[in-house]
Number of protein chains: 2
Amino acid sequence: MRHTGIHGGTHAGRAIDDILVVGSVALDSIKTPFGEVEEALGGSASYFSMSASHFAPVRIVAVVGEDFPVAHRELFAGRGVDLSGLETASGRTFRWRGEYAVDLGHAHTLETQLNVFSTFHPRLERQHRSAPFVFLANIDPELQLEVLGQMERPRLVVSDTMNYWIARKPDRVIDVLRKVDVALLNEEEARALSGESQLVRAAGVLLEAGAKAVIVKKGEHGALYRSREELFITPAYPVTGLCDPTGAGDSFAGGFLGWLARCGRLDGPSLRQALACGAAMASLAIEAFSPERLVVTDRGEISGRVEALHRMVHFPLEPLFGPTEG
Amino acid sequence: MRHTGIHGGTHAGRAIDDILVVGSVALDSIKTPFGEVEEALGGSASYFSMSASHFAPVRIVAVVGEDFPVAHRELFAGRGVDLSGLETASGRTFRWRGEYAVDLGHAHTLETQLNVFSTFHPRLERQHRSAPFVFLANIDPELQLEVLGQMERPRLVVSDTMNYWIARKPDRVIDVLRKVDVALLNEEEARALSGESQLVRAAGVLLEAGAKAVIVKKGEHGALYRSREELFITPAYPVTGLCDPTGAGDSFAGGFLGWLARCGRLDGPSLRQALACGAAMASLAIEAFSPERLVVTDRGEISGRVEALHRMVHFPLEPLFGPTEG
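Below you will find a few notes about this structure. Everything numeric here is computed off the predicted structure, so don't read it as measured data.

We now examine the pairing of strand 8 (residues 95–100) of chain B. Residues and elements named next belong to chain B. The pairing of strand 4 (residues 26–32) with strand 8 spans five bridges and is parallel. Residue pairing for strand 8: Lys31 is matched across the bridge by Glu99. Where strand 8 lies against strand 9 (residues 107–113), six bridges are found, and the strand directions are antiparallel. Note on strand 9: the bridge partner recorded for Trp96 is Thr112.

Next up, the structure:
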């Protein structure tokens, strides 16, 4: 089934491919120097899908408890996100409580209640298994492998992970990395998994370990994409109204995969534009708590940020030294 | 006088403007995890001029002692750098001894001997006063103001500074910043001088304080240029053979001013290409101790790095959302 809802089902004359995301849907309680929220919509699959839904049809596979608010379901529905794979298990929804210090660099986790997430095993229906684009958000790498085993013939699979799994199941994290097309990591994770502090080299070590391509997310410094052949860089979109960094990475992934699904190409220029779309969506996510900004943003604002990023870095390359000068 | 030496005196049919640099020429003893050197050529004016000399004729105004090695003078001469303003004072040359820890983030100063530099007052001859492009390297802001007072009608003046002066003479640093066209600072300096931790905002505070434009150097994360109208970003050129970060900022400044003097324009696209030239030259500088790599590099290698940076960030922007889609 192609969505023909609020996304629009076509781009440049072709039907837009579906994106499947498997990850967490959570209730987050977060405090930053700019405010706090209690039991707001959170989780990797939530940020990802709110972000990607501006570009392409998104289907979520995740689990919530019986206490998951109807209002949150309606937020997804309002963005046209398919919730047929959102299982409601008996028990309470996954909860996370965290706090950021003044520099907003790192979340300090105060409490994690896995609840229904602790026994979650993703079950993919036919409409999920056939999705051409897949995001394996930060969940146990064993579950990520379970999902991969159920997929039919995806065109592009992108995975995320976190230090928690790198410390506990490094071999499984590497197994995932070998099986996906692009592995997303933040700076710390790239350093921890590779044992190399310089990021371009860290990405190189992960390629040697079997990754096809790696994206290292550098927060306010942007992101780099490295494959055996190519090295791409996007700056972060410069935000002046930073509120809550939670979900930046998943929102980045949403813009990245969203654009690739929308444009339907996986060549170098499309990948570079996808990085810029990722940076634009991450910049929106962090301007409010929860995925609020991703819900209310629109095509004009998203395009504006991608165009601004384009302007910030582009120049018509003039040869430095003419052939006849000397 | 126009140089017609190894630089070539013209670019795209026009004579290339001179660049004046006023700064330090020093003997550096440096230890990094990759090796060490004793009394190697160092100093802000040395790195700057070795870098900029690949693009345009450079004149140094600085001071050395009677012990300054002839071999070092010959390195400058070999790059066509005009040393008519390099004063030889009685006494010993400025010396710095520093060490970098494993992460190479910051130099730990072990010893600074100002020597002849402690009584230095830049005296500009006619050929210096008429230079259209000026780099006020990191010296006492009072000396930077003395130099500015002697200049005739420069087209573009760029200044650098350091935390030492921001802590001791913040008002003079601000005076300089108001009188130059572009103020270069690293991340820490931008935060210290502005009192703002987010870099884009820090640059904004400095514009409000009277700066016309600010470049914040972010080391391995590149640099951003902010004026009232514009925001440009360059990534760093990704180096895999980092050896010694000393001089990266001055080498960046050399590529930046070098390209502007060479191309003769100060418009947005030229400024963005100048940032890429800065990033390319900084990446070369840090691949060896002292300005060694800047001495032996060539036009092909420099062009190659600027072209590579261009490729890493460029994409032909495709509209995200067609006007008739929906």
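The next thing to look at is helix 6 (residues 170–179) of chain B. Residues and elements named next belong to chain B. Inspection of helix 6 places Val173, Ile174, Val176 and Leu177 among the buried residues, and these make up the whole buried set. Buried positions in helix 6, seen along its axis, are confined to an arc of 160° and lie on one side of it. Exposed residues lying more than 90 degrees from the buried face of helix 6 are Asp171 and Lys179. Against the buried residues of helix 6 lie helix 4 (141–150), strand 11 (156–159), helix 5 (163–168), strand 12 (182–186), helix 7 (187–194) and helix 8 (199–208).

This part covers the relation of the copies chain A and chain B. Expressed as a screw operation, the relation of chain A to chain B combines 0.0 Å of axial shift with a rotation of 180°, fitting to an RMSD of 0.0 Å. What we have between these two chains is a two-fold relation. Comparing contact sets, 100% of the residues at the interface of chain A also lie at the interface in chain B, consistent with an isologous, same-surface contact.

Residues and elements named next belong to chain B. Spatially, four strands are ordered 5-4-8-9 in an open sheet, and the strand pairing comes out mixed. In this open sheet, the two edge strands, each paired with only one partner strand, are strand 5 (35–42) and strand 9. For this sheet the average axis-to-axis angle between neighbouring strands, irrespective of direction, equals 15°. Running at roughly 70° to strand 5, helix 2 (residues 70–78) makes contact with strand 4 and strand 5 of the sheet.

A word on unusual backbone geometry. Residue and element names in this part refer to chain A. The backbone phi angle of Ala12 is positive, close to 50°, even though this residue is not glycine. With respect to the helices and strands, the residue Ala12 is situated in the loop between strand 1 (10–11) and strand 2 (14–15). Accessibility expressed as a relative area gives 64% for Ala12, which makes it exposed.

Our next topic: the sheet that holds strand 5 (residues 35–42) of chain A. All names here are of chain A. Strand order in the open sheet formed by four strands is 5-4-8-9, with mixed pairing between adjacent strands. Both edges of this open sheet fall to strand 5 and strand 9 (107–113), since each of them pairs with a single strand only. Averaged over all adjacent pairs, the angle separating strand axes in this sheet is 15°, with direction ignored. For strand 4 (residues 26–32) and strand 5, the ladder comprises six bridges, and the chain directions are antiparallel. Counterpart to Leu27 in the pairing with strand 5 is Leu41. Packing against the sheet, helix 2 (residues 70–78) makes contact with strand 4 and strand 5, and its axis sits at approximately 70° to strand 5.

What follows concerns the pairing of strand 3 (residues 19–22) of chain B. All names here are of chain B. Residues of strand 3 alternate between two faces, with Ile19 and Val21 on one and Leu20 and Val22 on the opposite face, all of them buried. Across four bridges, strand 3 lies against strand 6 (residues 58–65) in parallel orientation. From the neighbouring strand, Val21 faces strand 6, where its bridge partner is Ile60. By the bridge criterion, four bridges tie strand 3 to strand 10 (residues 133–136) in an arrangement that is parallel. Residue Val22 lies in a different strand from strand 10, and its bridge partner there is Leu136.

What counts and what doesn't
Residues numbered from 1 in each chain as written. Chains lettered and ligands numbered in written order. Predicted model: local features only at pLDDT ≥ 70, side-chain atom pairs only at ≥ 80, totals over all residues. Heavy atoms only, no water. Pairing = 2+ DSSP bridges. Helix = DSSP H or I, 4+ residues; strand = E, 2+ residues; numbered from the N terminus. Buried < 20%, exposed > 50% of the residue type's maximum accessible area, 1.4 Å probe, protein only. Arc of directions from axis to C-beta. Contact = heavy atoms within 4.5 Å. Least-squares fit on C-alpha atoms with pLDDT ≥ 70 in both. Axes fitted to C-alpha atoms, helices over the stretch in contact; angles between N-to-C directions.

The analysis is restricted to geometry; functional conclusions fall outside its scope.
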